[in-house]
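The lines below spell out each chain.
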Amino acid sequence: MERNPADLRSARRVTGLTSPEADKRLRRDGPNVLPTQRPPPAWRVFAEQFVHFFAIMLWVASGLAVLAGMSELGVAIALVVVINGIFAFVQEYRAERAAERLRDLLPKRVTVRRDGATREIDATELVVDDVVLLGPGDRVSADLEIVNSHGLRLDISLLTGESAPESVEAGETAYAGTFVLEGEATGVVRTTGSETRLGEIAALTRARERPETPLHHEIDRLVRIIATIAVVVGGVFFAVSVALGSDPGVGILFAIGVTVALVPEGLLPSVTMSLAVGAKRLAAENALVRRLESVETLGSTTFICTDKTGTLTQNRMAVVEAWTPTGRARIEGDGYEPTGSVEADDGTQSPLREMGTIVARCSTGDIERQNGEWVAHGDPMEAALVTFARRLNVDVQEQTRADPEIRRFPFDPRRRRTSVLTRDRLLVMGAPEAVLSRTRYGSDDARATVAEMAERGLRVLAVATRPADEVSVDADLESIESNLELVGVVGLEDPPRPGTAAAVAASRNASVQTAMITGDHPTTARAIADEIGLLSDEGLVIEGDELPEDDQVLGALLDRDGVVVSRVNPEDKLRIAHVLQDRGHVVAMTGDGVNDGPALQEADVGVAMGRSGTDVAREAADLVLLDDDFSTIVNAIKQGRATFYNIKRFLTYHLTDNVAQLTPFVVWALAAGQFPLALGILQILALDIGTDLLPALALGSEPPSEDVLQQPLEAEHLIDETVLGRAFGVLGPAEATVEMTAFVVALAAFGWVPGGEFPHQSELLAASGAAFTAVVVGQMANAFACRSTTRWPGDLGWTSNRLLIGAVVVELLALLVFIFVGSIARILGHAPPPLEGALVALLAAPAVLLADAMYKRWRAMRNA
């Protein structure tokens, strides 16, 4: 149906629906739920748990056991794969659902006009015939018929795959799923939800895959290393057993045992659990993680590129000073309260009111009263300018009726100006250097005033005008915005956030370099950087147009702590991320605007603003700050490092226990088969799944230590010399020594001596029970030892990790069940140990803790 041209009217004259009518349509048509990328079906996620490297190795081991005539063993191994797969699926499924719930904390908002007033609503509440206001960075949340366009340009790549933006004029359609790159517009909702074009295009379910994170690569590397070692060692043991004249079936048995002993079945679920816990803790601290693996990447961050406004500062702007050629004025007031005091000479009142009119009409932001308090609606700076006009008693609506708007030229990050052409004149507002250079006269005093205000940390805007009869609408914008008459400048105060200085100092102590990347005036940026302590002795303040063209020179210039880059454009931010990454940095880049999207995607960790950020920035980011606070970034890095160390903690724990599980096979091989095997394969499976897993998960939930930011990042890889040294050189040998000693003592209690006849089956079962008990007791102590690489467990507080206490209690109960419940003990292949063997087995705990204490003391002395 064609619309009457009379309906295509100015945004300010469209009243929109009434609230009752909107509610009625919402009940009739349902919520505006836009199609989203479908997650992989649960069955596929479930199936993937049974085809990764570790699972395939165990499937092969199970098959070999069946072929060798050991069907019970084959079934047991297969059962372990199934149990582990189910557990891993539950962990991953719960983590993904938790991530979805966390993402719900960030509802998509849309600005509409209802009941004749402008308000923000959830995008799901949009209904047909709603009047929607669009600005840079907004996501189009329904199919809209544009009724008023001011330079509207959309990113339509989601629909067409074309990267070039598309201009949309009045009478044309803006489709759901597109983003506003430039300009402003008003549109009327024509279709919502599945009825939109977005809902009809099946290709939208295909999304560009994001690059794999460093953690993904590291886990893949770790799995392949362990798998390769397991296969090689298993093959060696098979060859050794055959060379010793054993039956090939026995050789297969030992090869399977070695493989099972080396495979840490609980590693992958432990990693997922640790990341999920980290993401949950970050959400509690106002940091929303969009991808779980980004939690670990945060911990590896070495360089933060942060915005100034709203991140380092409060983004609660207020005009505190104004200058006109006739005099200066001071403005005071409480927040966005429209009443306040203005101190100015009588001759300055008229130009001040003119200035207030211009900045208010150039702004799209506004203020509104909510719950008894005046708050910003839209851009906080523009809300502050509207507040300034209200405090001057400027009636913007009356001014608009008397001098209606003809055309609007929205703010452009390259022009750094906003213009409105009315019937009588052109109104211009923007960065001082972008406006003063285009004025006819009076700019020298203004430039001096701008410099003086900027030195005090104020954000400064210049205001100018031009008679409409001098403007040709058909001319290019540069010509239109020229030959201006200066009205004055305004200074806005945006004080630093409380705690920002401490956060900057904390990041410096954590060996994380920080750079302020801002579009503000360099003097203003320097003043704020000085106030919060960001500028170091080696600090640098440079403007975007002064950046070297050579990337290597640029990287060397910026690779320092305390850099301030002012007057940057979006291309500069993208290039800065590139050059710092080329120098080996893991870069966290903040952004809130639509033009920040490429830089956020390029950075190792893209950080978007949750309160003031655009939908484009949020979609491109890995982390969304729900409070827009720089301190939250530092807290996120702290949690990221804690997660990284947690992964290393339970990796050390797994490898230590693997040493104890492998030792009986090594002793058997070195003795050429003349020494009894202390542990069987089913016992090892019981250790991995029944007693080993819960303490590992608890270690993955270890809270961050107070000094975690002061600890240097130990290595790029999860497996490093510290992990290998502790697992294979200290903790593992201590646990294995007590294990084998308990086994020998138990056999000796029955009269067996090495080199003599093999013990009876009942004696061997009891001795094996002693070895099994020693390993479990050693696991308990090992879990506490792995909480820190430098500190004695008692210094951390034995009960400070309550999950670990619970896990150890469950582990102890499992040991009692495995040893003393006859039917289970017979299946596993052991029996309750004799008293002598049990007493030795209990020594595994003090032995592991003593070895750990000696190692930590030696390491402290070496480092000192």
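In this text, all values refer to a predicted model and were calculated from it rather than measured experimentally. (Residues numbered from 1 in each chain as written. Predicted model: local features only at pLDDT ≥ 70, side-chain atom pairs only at ≥ 80, totals over all residues. Heavy atoms only, no water.)

Participant: Can you walk me through the overall build of the protein chain in this structure?
Facilitator: Along its length, the protein chain carries 32 helices and 25 strands. Considering the protein chain as a whole, with its 864 residues, one finds that 54% of them fall into the buried category. If you take every contact in the protein chain between residues at least 6 apart in sequence, the share linking residues at least 24 apart comes to 73%. For the protein chain, the computed accessible surface area is about 36500 Å², with 54% contributed by carbon and sulfur atoms. (Helix = DSSP H or I, 4+ residues; strand = E, 2+ residues; numbered from the N terminus. Buried < 20%, exposed > 50% of the residue type's maximum accessible area, 1.4 Å probe, protein only. Contact = heavy atoms within 4.5 Å. Areas by Shrake-Rupley, 256 points an atom, 1.4 Å probe, with all protein chains shown as cover.)

Participant: What am I meant to see in the nonpolar core here?
Facilitator: Nonpolar side chains in soluble globular proteins generally cluster together in the buried interior. Judged by nonpolar contacts, the single largest core of 100 residues is most densely connected at Met516, Leu534, Leu623, Phe630, Leu651, Phe743 and Phe772. For this core, the element with the highest residue contribution is helix H27 (residues 761-785), accounting for 14 residues. Apart from residues lying up to four places away in sequence, methionine 516 is in contact with Thr306, Lys308, Leu312, Ala525, Ile528, Ala529, Leu534, Val563, Val564 and Val565. (Core = buried A, V, L, I, M, F, W, Y, C linked by side-chain atoms within 4.5 Å.)

Participant: Even after reading the chapter, I still don't get a nonpolar patch on the surface, so can you show me in this structure?
Facilitator: A surface patch of nonpolar side chains, about 370 Å² in accessible area, is lined by Phe46, Trp59, Val82, Ile86 and Val90. A total of 3 residues in the nonpolar patch trace back to one element, the largest contributor, which is helix H4 (residues 71-103). Its relative accessible area of 39% is what places isoleucine 86 among the partly exposed residues. (Patch = residues over 30% accessible without salt bridge, like charges linked within 9 Å, V, L, I, M, F, W, Y side chains within 5 Å. Salt bridge = Lys/Arg side-chain N within 4 Å of Asp/Glu carboxyl O.)

Participant: I would appreciate a short explanation of the packing of H27 against helix H29 (residues 802-820) in the present structure.
Facilitator: For any two helices packed against each other, the geometry comes down to the angle between their axes and how far apart the axes lie. Remark: H27 packs on H29, axes separated minimally by 10 Å, with the N-to-C direction vectors making an angle of 180°. When the axis of H27 is compared with that of H29, the two are roughly antiparallel. Residues Gly769, Phe772, Thr773, Val776, Val777, Gln779, Met780, Ala783 and Phe784 of H27 form the contact with H29, whose own contacting residues are Leu804, Ile805, Val808, Glu811, Leu812, Leu815, Phe818 and Ile819. (Axes fitted to C-alpha atoms, helices over the stretch in contact; angles between N-to-C directions. Parallel < 35°, antiparallel > 145°, perpendicular 65-115°, else oblique.)

Participant: Is there a simple way to explain the pairing of strand S7 (residues 179-191) in this structure?
Facilitator: Regular strands place side chains that alternate from one sheet face to the opposite one. Where strand S3 (residues 131-134) lies against S7, 4 bridges are found, and the strand directions are antiparallel. Bridge pairing links valine 131 to valine 188 in S7. Of the pairings in the sheet, the one linking strand S4 (residues 143-155) to S7 comprises 10 bridges and is antiparallel in character. In the strand pairing of S7, serine 149 is matched with alanine 185. (Pairing = 2+ DSSP bridges.)

Participant: Looking at this structure, I do not really get the sheet that holds strand S21 (residues 540-543). What am I missing?
Facilitator: Two orientations exist for strands paired in a sheet by backbone hydrogen bonds: parallel and antiparallel. Taking strand neighbours across the sheet as the criterion, the 8 strands line up as S8-S25-S24-S23-S9-S20-S22-S21 in an open arrangement whose pairing is mixed. With partners counted over all chains shown, the strands left at the sheet margins are strand S8 (287-289) and S21, one partner each. Geometrically, the sheet is characterised by an average inter-axis angle of 20° between neighbouring strands, direction not taken into account. Direction of pairing for strand S9 (residues 303-306) relative to strand S23 (residues 587-591): parallel, over a ladder of 3 bridges. Counterpart to phenylalanine 303 in the pairing with S23 is valine 587. Sheet contacts for helix H23 (residues 630-670): S8, S9, strand S20 (513-517), S23, strand S24 (605-609) and strand S25 (623-625); angle to S9, the most-contacted strand, approximately 160°.

Participant: Help me out: how do you make sense of the sheet that holds strand S18 (residues 459-467) in this one?
Facilitator: The sheet built from 8 strands is open, its strands ordered S12-S11-S10-S19-S18-S17-S16-S15 with antiparallel pairing. Strand pairing shows two members of the sheet lacking a second neighbour, strand S12 (340-344) and strand S15 (405-409), which therefore form its edges. Neighbouring strand axes in the sheet, compared pairwise and without regard to direction, differ in orientation by 20° on average. The pairing of strand S10 (residues 318-324) with strand S11 (residues 327-333) spans 4 bridges and is classified as antiparallel. From the neighbouring strand, glutamate 321 faces S11, where its bridge partner is arginine 330. Those strands touched by helix H15 (residues 443-455) are S10, S11, S18 and strand S19 (485-493), and its axis lies near 5° from that of S19.

Participant: Can you help me understand helix H24 (residues 681-691) in this one?
Facilitator: Side chains of residues three or four places apart in an α-helix project in the same direction, reflecting 3.6 residues per turn. Of all 11 residues in H24, 8 are buried; the element is thus mostly enclosed. If you check which residues of H24 are buried, you get Ile681, Gln683, Ile684, Leu685, Ala686, Leu687, Asp688 and Thr691.

Participant: It is not clear to me how the pattern of salt bridges should be interpreted in this structure. Could you clarify?
Facilitator: Across all of its chains, the model carries 34 salt bridges by this definition. Measuring nitrogen to oxygen at the nearest pair gives 3.3 Å for the salt bridge that ties aspartate 115 to arginine 119. A relative accessible area of 41% places aspartate 115 in the partly exposed class. The class of arginine 119 is partly exposed, set by a relative accessible area of 30%.

Participant: I tried to follow the environment of isoleucine 331 on my own but got confused; where do I start?
Facilitator: Within the element layout of this structure, isoleucine 331 appears in strand S11. Since its relative accessible area comes to 5%, isoleucine 331 is described here as buried. Sequence separation of isoleucine 331 and serine 341 is 10 residues, and the distance between their C-alpha atoms is 5.8 Å.

Participant: Please clarify how the confidence of the model for the protein chain should be interpreted in this entry.
Facilitator: Predicted coordinates in areas of low pLDDT are best not read in detail. Residues at a pLDDT of 70 or more form 86% of the protein chain, whose mean pLDDT is 82. Within the model, the stretch residues 1-13 combines pLDDT values under 50 with 20 contacts to residues more than four positions away or in other chains. Confidence drops under pLDDT 50 across residues 202-211; counting only partners more than four residues distant or on other chains, this segment forms 12 contacts. (pLDDT = per-residue confidence, 0-100.)

Participant: Help me out: how do you make sense of unusual backbone geometry in this one?
Facilitator: Where the residue is not glycine, phi is negative for most of them; where a peptide bond is considered, it is trans in most cases. Unlike most non-glycine residues, asparagine 393 shows phi in positive territory, near 60°. Within the fold, asparagine 393 resides in the loop between helix H12 (380-391) and helix H13 (396-402). Although it is not a glycine, arginine 567 adopts a positive phi angle of roughly 50°. Residue arginine 567 is classed as buried on the basis of its relative accessible area, which comes to 10%.

Participant: For this particular structure, what's the right way to read the side chain of glutamate 811?
Facilitator: Relative to the elements of secondary structure, glutamate 811 occurs in helix H29. Buried within the structure, glutamate 811 lacks any salt-bridge partner; its nearest side chain of opposite charge belongs to arginine 787, at an N-O separation of 13 Å. Among residues more than four places away in sequence, those in contact with glutamate 811 are Tyr653, Thr691, Pro695, Val776, Gln779 and Met780. (Lys, Arg positive; Asp, Glu negative; His and termini not counted.)

Participant: How should the packing of aromatic side chains be read in this particular structure?
Facilitator: Ring pairs (aromatic) are described by centroid distance and by the angle formed between their planes. Inspection of every chain in the model, using the stated rule, returns 7 aromatic pairs. Geometrically, the ring pair formed by phenylalanine 675 and phenylalanine 743 is tilted, given 6.0 Å between the ring centres and 55° between the ring planes. Pair noted here: phenylalanine 675 is in the loop between H23 and H24 and phenylalanine 743 is in helix H26 (residues 721-749), with a separation of 68 residues, a long-range link. The two residues phenylalanine 675 and phenylalanine 743 agree in class, both being buried. One aromatic cluster is present, formed by Phe675, Phe743 and Trp752 through successive ring pairs. (Phe/Tyr/Trp six-rings, centres within 6.5 Å; stacked < 30°, edge-to-face > 60°.)

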